[in-house]
Amino acid sequence: MNWDDTHDEPTDAAGAADRLVGADAEADDTAVEAALRPKDLGEFVGQEKVREQLDLVLRAARARGATADHVLLSGAPGLGKTTLSMIIAAEMGAPIRITSGPAIQHAGDLAAILSSLQEGEVLFLDEIHRMSRPAEEMLYMAMEDFRVDVIVGKGPGATAIPLELPPFTLVGATTRAGLLPPPLRDRFGFTGHMEFYAPVELERVVHRSARLLDVEIDPAGAAEIAGRSRGTPRIANRLLRRVRDYAQVKADGHITREVAAAALGVYEVDGRGLDRLDRAVLEALLKLFGGGPVGLSTLAVAVGEERETVEEVAEPFLVREGLLARTPRGRVATPAAWAHLGLVPPQHTTGKGQQGLFGP
């Protein structure tokens, strides 16, 4: 099991935070994270390449008796970036301090944090791409030279006082690696990209979490939960807890495939991990617009949601699953979307859009 506190970009999308299959952390997620987080790289499930590379970096640093290189972790929410930062600190035998980009709005905020670090301490900076520009420029020197210049005074009389910092390891996490400026990205000694998990990896996540939560689950039940978890450990653990509740109330507490399917049916999470919003978007696209193409605003009105909700909350997973395509002419359903909803496409629909007003 891997757990992650990383929050995605803020959005105006209503209802994005309370989705059972949403990847952002919720209050009940953080309440159980301490018991479920793996404590070292050996316990961490998945991300084989990142784990192998990171293990080499940390073992080499320990052998030299030096602090580890700065680490940048990128990827979607819920894949384990915060967990890996804690593992880095544990593997190096160092304390960890956690903050986030939105919390650092001024260079003075960053200077206060950096000046209080201990030697070898790990500083985890979540959502690093959202840090203010002045703080970002201060971070360049801190990462490279372990020094910051504190400006005292204003105007022509301002004075820069150099402040030496103890060696530390910065672990930056981002869901938008493309927003990081090259000078900052280049100062990281190791960059790891977190991929979505395969179902078999999520089954291992579910089994491990079930043991820690003292939940009885058979392999078929774990597979059912894993298959609906969108490749994300955080979602797998959230679904496991909801299925556990259902099993305790409606069954004998033991999770089988049938129990898991029935429980997730109650919560409207289907076999591919689509929830009510996802299916509403697909149904509107297929039933009202013949599979498209249709504009985003029109589709949002048909679903009864805000444009941002459809674009930022529903569409990314539908596109990744190959159920929907974004084209210059608008949103288009794929043949897989028709098959998933059990619908037959109109004869004039060839996957490229619906028939024109005056013929094909």
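Here the structure is a predicted model, which is why all the values come from computation and not from measurement. (Residues numbered from 1 in each chain as written. Predicted model: local features only at pLDDT ≥ 70, side-chain atom pairs only at ≥ 80, totals over all residues. Heavy atoms only, no water.)

A.B. asks: What am I meant to see in the overall build of the protein chain here?
C.D. replies: A count of helical and extended segments in the protein chain gives 14 helices and 11 strands. Per-residue burial for the protein chain yields a buried fraction of 48% across its 360 residues. Within the protein chain, counting contacts between residues at least 6 apart in sequence, those at least 24 apart form 72% of the total. On the protein chain, roughly 16300 Å² of surface is accessible, and the fraction owed to carbon and sulfur atoms is 53%. (Helix = DSSP H or I, 4+ residues; strand = E, 2+ residues; numbered from the N terminus. Buried < 20%, exposed > 50% of the residue type's maximum accessible area, 1.4 Å probe, protein only. Contact = heavy atoms within 4.5 Å. Areas by Shrake-Rupley, 256 points an atom, 1.4 Å probe, with all protein chains shown as cover.)

A.B. asks: I keep staring at the packing of helix α7 (residues 199-212) against helix α9 (residues 233-250) and nothing clicks. Help me out?
C.D. replies: α9 packs onto α7 with a crossing angle of 45 degrees between their chain directions and a minimal axis gap of 10 Å. With respect to α9, the axis of α7 lies oblique. In terms of crossing hand, the pair formed by α7 and α9 is right-handed. Within the contact between the two elements, α7 uses Leu202, Val205, Val206, Ser209 and Ala210 and α9 uses Pro233, Ala236, Asn237 and Leu240. The residue inventory of the contact of α7 with α9, partitioned by class, reads 7 nonpolar, 2 polar and no charged. (Axes fitted to C-alpha atoms, helices over the stretch in contact; angles between N-to-C directions. Parallel < 35°, antiparallel > 145°, perpendicular 65-115°, else oblique. Left-handed = near helix turned anticlockwise from the far one by under 90°. Nonpolar A, V, L, I, M, F, W, Y, C, P; charged D, E, K, R; others polar.)

A.B. asks: Explanation requested: the packing of aromatic side chains in the structure shown.
C.D. replies: Two aromatic rings are characterised by how far apart their centres lie and by the angle between their planes. One pass over the structure, following the stated rule, counts 1 aromatic pair. Between the aromatic rings of Phe146 and Phe168, the centroid separation amounts to 5.5 Å while the plane-to-plane angle is 80 degrees, which identifies the pairing as edge-to-face. In this pair, Phe146 sits in the loop between α5 (133-145) and β4 (147-152) while Phe168 sits in the loop between β5 (159-164) and β6 (169-174), placing the two residues 22 residues apart along the sequence. When the ring centre of Phe317 is taken as reference, the NZ or CZ atom of Arg230 above it lies at 3.9 Å. (Phe/Tyr/Trp six-rings, centres within 6.5 Å; stacked < 30°, edge-to-face > 60°. Lys NZ or Arg CZ within 6 Å of the ring centre and 35° of its normal.)

A.B. asks: Just checking my understanding: could you explain the environment of Arg204 for this structure?
C.D. replies: In this structure, Arg204 sits in helix α7. It is 8.2 Å that separates the C-alpha atoms of Arg204 and Ala222, two residues lying 18 residues apart in sequence.

A.B. asks: Explain the nonpolar core to me, please; I cannot follow it from the model alone.
C.D. replies: Buried together is how nonpolar side chains tend to be arranged in soluble globular proteins. Leu84, Ile217, Ile225 and Ile255 are the most contacted members of the largest nonpolar core, which has 44 residues in total. In contact with Ile255, not counting residues within four places along its chain, are Val215, Glu216, Ile217, Asp218, Gly221, Leu240, Val243, Arg244, Ala247 and Ala260. (Core = buried A, V, L, I, M, F, W, Y, C linked by side-chain atoms within 4.5 Å.)

A.B. asks: I tried to follow the pattern of salt bridges on my own but got confused; where do I start?
C.D. replies: Pairing is possible between side chains that carry opposite charge, provided their charged atoms lie close to one another. Under the counting rule described, the total for this entry stands at 18 salt bridges. Arg230 is paired through a salt bridge with Asp278; the nearest N and O atoms lie 2.3 Å apart. Taken together, the positions of Arg230 in the loop between α8 (219-227) and α9 and Asp278 in helix α11 (residues 276-288) put the pair 48 residues apart, joining distant regions of the chain. Residue Arg276 pairs with Glu305 through a salt bridge whose shortest N-O separation is 3.3 Å. One end of the pair, Arg276, is in helix α11; the other, Glu305, is in the loop between α12 (296-303) and α13 (307-320), with 29 residues separating them in the sequence. What makes Glu305 partly exposed here is its relative accessible area of 22%. A network of salt bridges, in which partner residues are shared, links Glu224, Arg228 and Arg257. (Salt bridge = Lys/Arg side-chain N within 4 Å of Asp/Glu carboxyl O.)

A.B. asks: What exactly am I supposed to notice about helix α4 (residues 107-115) here?
C.D. replies: Along an α-helix, residues three or four apart share an orientation, since each turn contains 3.6 residues. For α4, every residue scored as buried is listed here: Leu110, Ala111, Ile113 and Leu114. Buried residues in α4, looked at end-on, bunch into an arc of 165 degrees, giving them a common side. (Arc of directions from axis to C-beta.)

A.B. asks: Can you help me understand the environment of Ile235 in this one?
C.D. replies: By the secondary structure assignment, Ile235 is in helix α9. Sequence separation between Ile235 and Leu202 is 33 residues, and the spatial gap between their C-alpha atoms is 9.8 Å.

What is shown is where atoms sit, not what they do.
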